[in-house]
Amino acid sequence: MSVVRIENLSKTFHTANGDVQALRNIDLSIEEGDIFGIIGLSGAGKSTLVRCINFLEIPTEGTVYFENNDLKSLTHKELLRARQSMGMIFQGFNLLEQRTAIKNICFPLEISGVDKKSAEKRARELLDIVGLRDRERSYPSQLSGGQKQRVAIARALATNPKVLLCDEATSALDPNTTRSILALLKEINRTMGVTVIIITHEMSVIEQICNRVAVIDKSRIVEEGNVKDIFANPQSDMAKQLILPKNAIHSLDDYKAVRIVFDGLSSYEPVIANLIMECNVPVNIMYANTKDVNGTAAGEMIIQVPDTAINKVNAYFDRIGIKYKEEM
Amino acid sequence: MEIAKLADLLLRGTGETLYMTLLSTFLAYVIGLPVGIILNITDKDGICPNRGINTVLGVIVNIIRSIPFIILLVAIIPVTRFIVGTSIGSTATIVPLTAAAGPFVARMVESSIKEVDAGVIEAAQSMGASPLQIIFKVLIPEAKPSLIVGSTIAITTILGYSTMAGFVGGGGLGSIAINYGYYRYQTDIMMVTVVLLVVVVQLFQEIGMRITRKTDKRIN
Ligand SMILES: Nc1ncnc2c1ncn2[C@@H]1O[C@H](COP(=O)(O)OP(=O)(O)O)[C@@H](O)[C@H]1O
Ligand SMILES: [Mg+2]
């Protein structure tokens, strides 16, 4: 069942300098248990899209369904209640600076009318989950970026939401902290069954935890599907730009660049070594990136082989059943 | 004048000044706090944008603020008589002081609340907080240190106004300075009252800063 369904959504901002169309005809369906990535360059409309999901931004056109309820049809009270089932975290953490960590986590519980004692009990459980049990009395100014985001995650989860919206939640963090926050989000998705929607401009974030991804370019969704498929075989220019390394393909006279894609088993075979031995060609590896994506190996390589040997090489790839594509 | 009598005079003057200042400040906040909050939330970037209310309140506040205090003091005499029964003495002075300081306080409150990070307000909205919950659980508590700094400024400004009221029989240290120093050429008494005023201002300032430092959790 889809938790969030977006149909033909458009959003236009009317500003002093004219209209800005931030989103055009967006259709998306996010299933329960998904870790759904939305990736695009800055200004593509990602934040606007995620803010339309909890109606912080009212769409100009189209419909957002949350658990099959049309958000537009809800009364103001019902909308506030629906928002309590959607946690949200931000790039800038947005903690209450004058409240301790535990009081920040209690905040959404106070909002929903939970009594103080139960709220603090729940907040302590959550501090445990995010690994900050000993920092309950710390103020945000006394915490590191990663710790602040952990408090923000705990706060967003306090009311047991169905969905967690993450708007560039790791963009202000260093690579190590990013990894640990992403691991925490994955853990929460697995153990608590919370559907996670992740907005980012970094492909590595999508690769690390998402199972599905939508690529957004200039206010439109240009590609959508399983991360594995899109990563292996990007169709849109934007997806290619985000996935493919820049400058990896520059033409060498008499050489051809071939992009090969590993998925599943084939990355455990010594593909390149066999290629060299079977075809008796020199192979130049221009770029390689293979990793574990959701339990199965995936990745890509760009190699150069002599013009004269290209047919032999292609035949070899056909035989072993690996995807390949000649690049320029 | 004998020392004992003088001391008594100055003591009573200081007491009246404190009474006028503190009570007027309190009343100015009774008016200014809600007005400042309404100005902030009805702004086009606020949590309940409302152009009509914002414009009307804004204009009223600006009009009162642009009237020089000494003119307001005289112009408001009928109102003061109606409320207090007289237009002289320290209790009567509280009426024009409150009228002048209320709009001033409203603007200070508005600007303190504007300092609250928009992201934090957005986070509260994303958690389903209602506008009232945002006001009482986010805007006021998060702006508290800045509100306290503002109240320190307000209290010292109101103290200054209260001495001006001395010109028209307002009581307090201002009256003493005018009556003895200006009309009777007793410059020494005037100097003493000025020193006392400086001490009171310093005291308020110091207390305000200390409370702010203690309250603000952003600096540790
Ligand atoms: N409140 C707003 N008023 C006017 N324009 C806006 C507003 N919010 C976003 N936009 C515009 O909409 C476009 C998409 O912005 P945004 O959703 O923030 O992009 P992203 O998060 O992908 O960087 C940008 O051109 C931005 O300037
Ligand atoms: Mg953004």
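Residues numbered from 1 in each chain as written. Chains lettered and ligands numbered in written order. Predicted model: local features only at pLDDT ≥ 70, side-chain atom pairs only at ≥ 80, totals over all residues. Heavy atoms only, no water.

**Considerations on the interface of chain A and chain B**
In this assembly, 24 residues from chain A lie in contact with 24 residues from chain B. Buried area between chain A and chain B, both sides added, is near 2000 Å², and the carbon and sulfur share of it is 57%. The interface formed by chain A and chain B includes 2 salt bridges. For the pair chain A and chain B, the number of links is 10 residue pairs in polar contact (both at pLDDT 80 or more). When contributions to the side of chain A that touches chain B are tallied by element, the ones reaching two or more residues are α2 (76-83), β6 (86-90) and α3 (101-111) of chain A. With 4 residues, the single largest contributor to the side of chain A that touches chain B is α3(A). (Contact = heavy atoms within 4.5 Å. Buried area = accessible area lost by both parts, 1.4 Å probe. Salt bridge = Lys/Arg side-chain N within 4 Å of Asp/Glu carboxyl O. Polar contact = N/O pair within 3.5 Å; in protein donor to acceptor, adjacent residues only side chain to side chain. Helix = DSSP H or I, 4+ residues; strand = E, 2+ residues; numbered from the N terminus.)

**Quick look at the layout of surface pockets**
The calculated volume of the largest pocket comes to roughly 650 Å³. Along the wall of the largest pocket there are 27 residues; nearest its centre are B:Asp45, B:Gly46, B:Ile47, B:Ile121 and B:Gln125. Elements that contribute at least two residues to the lining of the largest pocket include exactly α2 of chain A together with α1 (3-41), α5 (90-114), α6 (118-126) and α7 (131-164) of chain B. Residue classes in the lining of the largest pocket are distributed as 14 nonpolar, 5 polar and 8 charged. (1 Å grid on protein atoms, 1.4 Å probe; cavity = no way out; pocket = protein on both sides within 12 Å on 5 of 7 lines; lining within 4 Å. Points joined across faces, edges and corners; volume = space filled by probe spheres on them. Nonpolar A, V, L, I, M, F, W, Y, C, P; charged D, E, K, R; others polar.)

**Focus: the packing of aromatic side chains**
For the coordinates displayed, the defined rule picks out 4 aromatic pairs over all chains. Measuring from centroid to centroid gives 5.6 Å for A:Phe317 and A:Tyr324, while their planes differ by 35°, and the two rings are tilted. For the pair B:Phe69 and B:Tyr161, a centre-to-centre distance of 4.6 Å together with 5° between the ring planes defines the contact as stacked. Here the residue B:Phe69 occupies a position in helix α3 (residues 69-75), and B:Tyr161 occupies one in helix α7, the gap between them amounting to 92 residues. For B:Tyr161, a relative accessible area of 25% puts it in the partly exposed group. Grouping aromatic residues by their ring pairs yields a cluster made of A:Tyr316, A:Phe317 and A:Tyr324. In this structure, A:Arg5 packs its charged tip against the face of A:Tyr65, placed 4.3 Å from the ring centre. Lying across the ring of B:Tyr180, B:Arg184 places its NZ or CZ 4.4 Å from the centre. (Phe/Tyr/Trp six-rings, centres within 6.5 Å; stacked < 30°, edge-to-face > 60°. Buried < 20%, exposed > 50% of the residue type's maximum accessible area, 1.4 Å probe, protein only. Lys NZ or Arg CZ within 6 Å of the ring centre and 35° of its normal.)

**Here's the deal with the site of ligand 1**
All names here are of chain A. Surveying the vicinity of ligand 1 reveals the residues Phe-13, Thr-15, Val-20, Ala-22, Leu-41, Ser-42, Gly-43, Ala-44, Gly-45, Lys-46, Ser-47 and Thr-48. The contact in question runs from an oxygen atom of ligand 1 to an N or O atom on the backbone of Gly-45, over 3.0 Å. Here an oxygen atom of ligand 1 and a side-chain polar atom of Thr-48 are 2.5 Å apart. Within the complex, the protein chains bury 61% of what would otherwise be the 560 Å² of accessible surface of ligand 1. Of all the secondary structure elements, the ones that give two or more residues to the shell around ligand 1 are β1 (2-15), β2 (18-31) and α1 (46-53). Looking at which element gives the most residues to the shell around ligand 1, the answer is α1, with 3 residues. Classifying every residue of the shell around ligand 1 by side-chain character gives 5 nonpolar, 6 polar and 1 charged. (Near = heavy atom within 4 Å. Areas by Shrake-Rupley, 256 points an atom, 1.4 Å probe, with all protein chains shown as cover.)

**Observations concerning the pairing of strand β10 (residues 220-226) of chain A**
Residue and element names in this part refer to chain A. For strand β9 (residues 212-217) and β10, the ladder comprises 6 bridges, and the chain directions are antiparallel. Looking at β10, one finds that Val-213 is bridged to Gly-225. Counting the residues in the hairpin turn of β9 and β10 gives 2 residues, including Lys-218, whose phi is positive at 45°. (Pairing = 2+ DSSP bridges.)

**Some points on the pattern of salt bridges**
Residue and element names in this part refer to chain A. Taken as a whole and judged by the stated rule, the model has 22 salt bridges over all chains. Ionic pairing is found between Arg-5 and Glu-7, a salt bridge with its closest N-O pair at 3.2 Å. Glu-7 gets classed as partly exposed once you look at its relative accessible area, which sits at 31%. Across the pair Glu-300 and Arg-259 runs a salt bridge whose closest N-O atoms are separated by 2.6 Å.

**Thoughts on the environment of A:Gln147**
Residues and elements named next belong to chain A. Mapped onto the elements, Gln-147 comes out in helix α5 (residues 145-157). Counting along the chain gives 46 residues from Gln-147 to Ala-101, while the straight-line C-alpha distance between them is 9.7 Å. Filtering out sequence-adjacent residues up to four positions away, Gln-147 remains in contact with Leu-132 and Arg-135. In this structure the side chain of Gln-147 is engaged in a polar contact, spanning 2.9 Å, whose partner is the backbone nitrogen of Ser-144.

**Focus on the pairing of strand β4 (residues 61-66) of chain A**
All names here are of chain A. Sheet topology note: the β1/β4 ladder contains 5 bridges and is antiparallel. Bridge assignment links Ser-10 to a residue of β4, and that residue is Glu-61. As paired strands, β4 and strand β5 (residues 69-70) are joined by 2 bridges and run antiparallel to one another. Note that in β5 the partner of Tyr-65 across the bridge is Asp-70.

**Some remarks on the confidence of the model for chain B**
On average, chain B scores 93 in pLDDT, and the residues at 70 or more come to 99%. In the predicted assembly, ipTM is 0.90 and pTM is 0.86. (pLDDT = per-residue confidence, 0-100.)

**So, empty space enclosed by the protein**
Gaps left between atoms show up when a probe the size of a water molecule is rolled over them. Evaluated as defined, the whole model comprises 4 cavities of 30 Å³ or more. The wall of the largest cavity is formed by B:Leu73, B:Val74, B:Ile77, B:Thr80, B:Ser87, B:Ala92, B:Thr93, B:Pro96, B:Ala165, B:Val168 and B:Gly170. Sorting the residues of the lining of the largest cavity by element identifies α3, α4 (77-84) and α5 of chain B as the ones contributing at least two each. Ranked by residue count, the leading element in the lining of the largest cavity is α5(B), at 3 residues. Among the residues forming the lining of the largest cavity, the class breakdown is 7 nonpolar, 4 polar and no charged. Taken together, A:Arg83, A:Gln84, A:Met86, A:Gly87, A:Met88, A:Pro108, A:Arg155, A:Ala156, A:Thr159, B:Ser126 and B:Met127 form the lining of the second largest cavity. Going through the elements one at a time, β6 and α5 of chain A are the ones with two or more residues in the lining of the second largest cavity. Element by element, the count of residues in the lining of the second largest cavity is highest for β6(A), at 3 residues. When the residues that make up the lining of the second largest cavity are grouped by side-chain class, the tally is 5 nonpolar, 4 polar and 2 charged.

**Quick word on the sheet that holds strand β3 (residues 35-39) of chain A**
Within a beta sheet, neighbouring strands are joined by backbone hydrogen bonds and run either parallel or antiparallel to one another. Residues and elements named next belong to chain A. Pairing is mixed in the open sheet, where 6 strands are placed in the order β6-β7-β8-β3-β9-β10. This sheet does not close on itself; its edge strands, each paired only once, are β6 and β10. Neighbouring strand axes in the sheet, compared pairwise and without regard to direction, differ in orientation by 15° on average. With 5 bridges joining them, β3 and strand β8 (residues 195-200) adopt parallel strand pairing. Among the inter-strand pairings, Ile-38 is bridged to a residue of β8, identified as Ile-199. (Axes fitted to C-alpha atoms, helices over the stretch in contact; angles between N-to-C directions.)

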